[in-house]
Amino acid sequence: MKGTYCAAALLLTAGFGVHAMQGASDSDAQVRINQIQIIGSHNSYHAGLLPGARAFLAKKRPADLRGLDYAHQPLNKQFDYGVRQIDRKSVV
């Protein structure tokens, strides 16, 4: 899975590089991959705890609940805010 992320990142940045080189000055064409930044988010899809799990943790393990009780905006909102890289994990 990690290889998939690397391949996607390389294809994405390679596409930017080719586009940037067309009609760019010599100094602009010298952009290196470590000079490119993309806004991204980690665990982009986390919608929060199920109500039953939240109630259980609140009663039995409130300290654990503080670290787990969070949620992200829906992906379409994140994209509207400028996020261009998301972290998606598949659970099989």
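Worth saying up front: this structure is predicted, and the values here are computed from it rather than measured.

A. Up close: the pattern of salt bridges. Under the defined criterion, the tally for this structure stands at two salt bridges. Of the charged contacts, one joins Arg54 and Asp69 as a salt bridge, the two residues approaching to 2.9 Å between their closest N and O atoms. Placement of the pair is Arg54 in helix 2 (residues 51-60) and Asp69 in the loop between helix 3 (62-68) and helix 4 (75-80), with a sequence separation of 15 residues. Accessibility expressed as a relative area gives 35% for Asp69, which makes it partly exposed. A salt bridge links Arg61 to Asp64, with the nearest nitrogen and oxygen atoms 2.7 Å apart.

Analysis parameters
Residues numbered from 1 in each chain as written. Predicted model: local features only at pLDDT ≥ 70, side-chain atom pairs only at ≥ 80, totals over all residues. Heavy atoms only, no water. Salt bridge = Lys/Arg side-chain N within 4 Å of Asp/Glu carboxyl O. Helix = DSSP H or I, 4+ residues; strand = E, 2+ residues; numbered from the N terminus. Buried < 20%, exposed > 50% of the residue type's maximum accessible area, 1.4 Å probe, protein only.

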